[in-house]
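As a plain string of letters, each chain reads:
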Amino acid sequence: MAALLLSPVVAPAGAADAAGAVTTGPCAPVPAVSRPPRPVPPHTDPATRAVGGPALATTGQVRPAGTSRPPAVPATSWLVADLDSGDVLGGCGPHEYGTPASVQKLLLAATVLPKLDPRQTVTLTPGDLDIEPGSSAVGFAEGGRYRIETLWLGLLLKSGNEAANALARLGGGPDGLPGGLRAMNEHARQLGALQTHAVTASGLDGPGQFTSAYDLALIARACFADATFRRYDTTRETMIPAQPALGEKAFPIENDNQLLYRYPGALGGKTGYTDLARHTYVGAAERNGRRLVVTLLGAEVLDKRGWEQGAALLDWGFGVPRGAAVGRLVNPGELTAGPSASATATPPALAAAGGPGRLAPGGHPWSRPLLAVSLAAVVAGLAGLLLALRHRPHHGRRQR
C-alpha cells in the first residue's frame, strides 16, 4: 500500500488528469551527438518527482487541457512557469535530472548576492583564476582589485568562471569556496530545489552535479525577485576597469544573452554549455503585465539556438490563458518548514497542487532518503483510505 500511495500520478498519453493536465507523449527527439558518458543520476524518491503537483511527475510533455501543443524543441527537459503566481504552464520531463552548465550561476547569485556589499573592492586570488583552459572567462587579472559589482557583471554578462569562483569564495566566509558551495546547496534545499546539487560554483561539470528544469525555475524565480539581480542581468555592456599596477588596460564586455536584444519584453536569463550538459538556458520575459520564465536542459542546436528555443516556448506560454496550470512552483521554505516554524507563517499548500507534505531538513537525495515526505504521504494516504471506508457513499571541458 505504501508503494501505491507513493507512486507518481501520471495520466495516460493524450488524457486529462483530475487537475485538467494533458500528457502528450515523450519530449521532442534530441539528435545523438558525440559527448562524454552521461552520469548516473541519484535515485529519485517518488515524492520528489511530484513536488509542485502530480502531473509534473511525467517523463513526457504536460500542458493544461484545452491549450495548444507546445513547440517541439530538441531538449531533454523544459518548463514554463509564471514568475509571479508560480503557476507551471507546461513542461517536458520537468523533474528529470540534467547537468546545468553555466545556468548554475543563477544558484550562486540567488545564494550569495544578498550577502555581499557591491561597493566593496576585493583582490582576485590565484585560486579564483584556477579554471579549465578554454572555459568561459571575463579576463580578470590575478591580483587585480575589482568592486564586487564588477564581478557580478562579469558573471552574468560573460559567464566568467573566475568571477564565479571569487564570488563563491567571498560568500563562503571563513570557509572560502567550500563554504560558498555548501551555502549554495543549502539554499537550493530552502528554495525547494531538491534535485539540485552543486559541485562547482561556475557550473563546470563535476561528479554528482545535477539539477532539473523544475528546480531551475525555482532558482530563477528567486533571482528575478531581486531588483539588484534584475539590474545586473539586463545590463547590455560595461567596462572592466584598468589595473595600472598590473599593466592591464580597461576593456568592454557585452551581455551574451541574445534574448535581451531580440525578444520584446525580455527580462534576462542565463545561457550555458558544456560538452556533457549540451545547451542549457534560462530566460524570462514580460508581456501585458505577465512575467514568465522558461528553463531548458540538454538542448541541441538544429535550426534554433538555446535562447531561440526558449523564446518559442515563451511565446507558447503567453498564449496559455491566465490561471491554466499543470502544477505550481513551491514557495521558499515550504518544503523545509519544521515543527518549530512560526504559527503565523503561510502553511504549505502542496496538497492543493498534489505535491508531497513537508520535508525534514537534510532530507535530500545526496544525504538520505526523503523519509519525512514518504512517511507523511503514507500516513495521509492511509487516513484518506480509512475515511473513505468509513463513509462509503522525485564530463565536458568546454563551457559558456
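Cut-offs and rules
Residues numbered from 1 in each chain as written. Predicted model: local features only at pLDDT ≥ 70, side-chain atom pairs only at ≥ 80, totals over all residues. Heavy atoms only, no water. Helix = DSSP H or I, 4+ residues; strand = E, 2+ residues; numbered from the N terminus. Buried < 20%, exposed > 50% of the residue type's maximum accessible area, 1.4 Å probe, protein only. Areas by Shrake-Rupley, 256 points an atom, 1.4 Å probe, with all protein chains shown as cover. Axes fitted to C-alpha atoms, helices over the stretch in contact; angles between N-to-C directions. Parallel < 35°, antiparallel > 145°, perpendicular 65-115°, else oblique. Left-handed = near helix turned anticlockwise from the far one by under 90°. Contact = heavy atoms within 4.5 Å. Nonpolar A, V, L, I, M, F, W, Y, C, P; charged D, E, K, R; others polar. Salt bridge = Lys/Arg side-chain N within 4 Å of Asp/Glu carboxyl O. Polar contact = N/O pair within 3.5 Å; in protein donor to acceptor, adjacent residues only side chain to side chain. Expected span 1.5 Å × (residues − 1). Disulfide = S-S within 2.5 Å. Pairing = 2+ DSSP bridges.

Asks: I would appreciate a short explanation of the overall build of the protein chain in the present structure.
Replies: Counting its regular elements, the protein chain contains 12 helices and 12 strands. For the protein chain, with 400 residues in total, the buried portion stands at 54%. Carbon together with sulfur atoms contributes 57% to the accessible area of the protein chain, which is approximately 16,700 Å² in total.

Asks: Would you mind showing me how to read the packing of helix α3 (residues 105–112) against helix α5 (residues 161–171) here?
Replies: When two helices pack together, their arrangement is captured by the angle between the axes and the distance separating the axes. Packing of α3 against α5 leaves a shortest axis separation of 10 Å and a crossing angle of 30 degrees. Compared by their axis directions, α3 and α5 come out roughly parallel. Where α3 crosses over α5, the two elements pack in a sense that is left-handed. Residues Lys105, Leu108 and Val112 of α3 form the contact with α5, whose own contacting residues are Asn161, Ala164, Leu167, Ala168 and Gly171. Across the contact of α3 with α5, the residue classes break down as 5 nonpolar, 2 polar and 1 charged.

Asks: How do you make sense of the pattern of salt bridges when you look at a structure like this?
Replies: A complete count under the given rule lists 13 salt bridges for this structure. We note a salt bridge from arginine 147 to glutamate 149, for which the minimum N-O separation is 3.8 Å. Its relative accessible area of 37% is what places arginine 147 among the partly exposed residues. When salt bridges that share partners are traced, they join Arg147, Glu149 and Arg231 into one network.

Asks: Before we go on, may I ask you to explain the side chain of aspartate 205 in this structure?
Replies: Along the chain, aspartate 205 turns up in the loop between α6 (176–191) and α7 (213–224). Engagement of the side chain of aspartate 205 in a polar contact is seen with the side chain of threonine 274, the distance being 3.0 Å.

Asks: Honestly, the packing of helix α4 (residues 148–158) against α5 in this entry has me stumped. Any pointers?
Replies: One way to put it is that α4 packs onto α5 with a least axis distance of 9 Å and a crossing angle of 135 degrees. The angle between α4 and α5 falls in the class oblique. The two elements α4 and α5 meet at a crossing, and its hand is left-handed. Contacts between α4 and α5 involve Ile148, Leu151, Trp152, Gly154 and Leu155 on the former and, on the latter, Ala163, Ala164, Ala166, Leu167 and Leu170. Among the residues forming the contact of α4 with α5, the class breakdown is 9 nonpolar, 1 polar and no charged.

Asks: Sorry if this is basic, but what is going on with helix α10 (residues 306–319) here?
Replies: Counting along an α-helix, one turn takes 3.6 residues, and residues three or four places apart therefore face a common direction. Over its 14 residues, α10 runs 20 Å from end to end, which matches the ideal 20 Å to within 8%, given 1.5 Å per residue. Buried residues dominate α10, accounting for 11 of its 14 residues. When α10 is considered as a whole, its buried residues turn out to be Gly306, Trp307, Gln309, Gly310, Ala311, Ala312, Leu313, Leu314, Trp316, Gly317 and Phe318.

Asks: Where do I start with unusual backbone geometry in this structure?
Replies: The phi torsion of most residues other than glycine is negative, and most of the peptide bonds are trans. Phi at serine 159 is positive, roughly 55 degrees, even though this residue is not glycine. Assignment of secondary structure puts serine 159 in the loop between α4 and α5. One non-glycine residue, arginine 278, lies in the positive phi region at around 65 degrees. Locating arginine 278 in the fold gives a position in strand β10 (residues 278–287). The exposure class assigned to arginine 278 is buried, which follows from its relative accessible area of 10%.

Asks: Quick question: what am I supposed to make of the state of the cysteines here?
Replies: In a disulfide, the sulfur atoms of two cysteines are covalently bonded to one another. Within this structure, the stated rule accounts for 1 disulfide. Here cysteine 27 engages in a disulfide with cysteine 92; their sulfurs sit 1.8 Å apart. Every disulfide takes its handedness from the sign of the S-S torsion; for cysteine 27 and cysteine 92 that torsion is -115 degrees, giving left-handed. Of the two residues, cysteine 27 is situated in the loop between β1 (21–23) and α2 (46–49) and cysteine 92 in strand β4 (residues 87–92); the sequence distance between them amounts to 65 residues. You can call cysteine 27 buried: its relative accessible area is 16%.

Asks: Would you mind showing me how to read the pairing of strand β3 (residues 77–82) here?
Replies: When a strand is regular, its side chains alternate between the sheet's two faces. Counting buried positions over the 6 residues of β3 gives 6, a clear majority of the element. Where β3 and strand β11 (residues 290–299) come together, 6 bridges link them in antiparallel fashion. Looking at β11, one finds that valine 80 is bridged to valine 294. As defined by bridge partners, β3 adjoins β4 across 4 bridges and the pair is classed as antiparallel. Within β4, the position partnered with tryptophan 78 by the bridge is cysteine 92. Here β3 folds back onto β4 in antiparallel fashion, the turn holding 4 residues, of which glycine 86 has a positive phi close to 85 degrees.

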